[in-house]
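# Commentary on secondary and tertiary structure
The lines below spell out each chain.
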Amino acid sequence: MRRAVCPGSFDPVTNGHLDIIGRASRLFDEVIVGVLINESKRGLFTVEERIEMLREVTASYGNVRVESFQGLLVDFCRTQRAAVVVRGLRAVSDFDYELQMAQMNIGLAGVETLFMPTSPTYSFLSSSLIKDVAKWGGDVSPHVPDVVRRHLRERLTTPGS
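Attention now goes to the side chain of Glu98. Residue position: Glu98 is located in helix α4 (residues 92-109). Look at Glu98 and you get buried, because its relative accessible area is 8%. In contact with Glu98, not counting residues within four places along its chain, are Arg87, Leu89 and Phe115.

Structure representation (structure tokens):
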């Protein structure tokens, strides 16, 4: 079985993430979306909330499942029996960092990395940008699934505003 991991923090998941996950799901028998637990970083959404949103927006893919992980990505890949990591690249600047990580992953555990260019429609998207726009009342609906937009509005709406 050809199995791949799409890792990230997904805080929150964007349509750019879903583009990569969906395309990976056509290339592999199973895709595991790995939500990184990073205790040194406080996210807008809890890991549980991110997993819930991801499960909802990937439910139409019969070969995608969502799990959380902590520690080294290669250890997660090993426990999931996945030999490939799929990473989306938005710009050349992403490549510098991702190449170093890919080389470390192959050296540590023989885990290959497939770089997938993001669709031009989503090349500027990042979770940080989405959170910032939503925080100031901007319309993020073209860039995130409806469930994510609702969660953002609920989380960022100040009582009395």
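As a further point, take a nonpolar patch on the surface. Taken together, the side chains of Leu72, Met104 and Leu108 define a hydrophobic patch exposed on the protein surface, amounting to about 300 Å² of accessible area. Looking at the secondary structure, you find Leu108 in helix α4.

When we look at burial in helix α5 (residues 127-135), the residues that qualify are Ser127, Ile130 and Ala134. Buried positions in α5, seen along its axis, are confined to an arc of 60° and lie on one side of it. The secondary structure elements touched by the buried residues of α5 are α1 (15-27) and α6 (146-156). Looking one or two residues past α5, Gly137 carries a phi angle of roughly 85°, positive in sign.

To continue, consider the nonpolar core. Core analysis: the largest hydrophobic core is formed by 31 residues, its most contacted members being Ile21, Leu54 and Val86. Where this core is concerned, the elements lending two or more residues are β1 (3-8), α1, β2 (30-36), α2 (47-57), β3 (64-69), β4 (84-89), α5 and α6. The leading source of residues in this core is α2, at five residues. Not counting residues within four places of it along the chain, the set of residues in contact with Leu54 comprises Phe10, Val13, Ile21, Val33, Val35 and Val66. Among the nonpolar cores identified, the runner-up in size contains 10 residues, and Ile32, Leu73, Val74 and Val111 belong to it.

What counts, and where the lines are drawn
- Residues numbered from 1 in each chain as written.
- Predicted model: local features only at pLDDT ≥ 70, side-chain atom pairs only at ≥ 80, totals over all residues.
- Heavy atoms only, no water.
- Helix = DSSP H or I, 4+ residues; strand = E, 2+ residues; numbered from the N terminus.
- Buried < 20%, exposed > 50% of the residue type's maximum accessible area, 1.4 Å probe, protein only.
- Contact = heavy atoms within 4.5 Å.
- Patch = residues over 30% accessible without salt bridge, like charges linked within 9 Å, V, L, I, M, F, W, Y side chains within 5 Å.
- Areas by Shrake-Rupley, 256 points an atom, 1.4 Å probe, with all protein chains shown as cover.
- Salt bridge = Lys/Arg side-chain N within 4 Å of Asp/Glu carboxyl O.
- Arc of directions from axis to C-beta.
- Core = buried A, V, L, I, M, F, W, Y, C linked by side-chain atoms within 4.5 Å.

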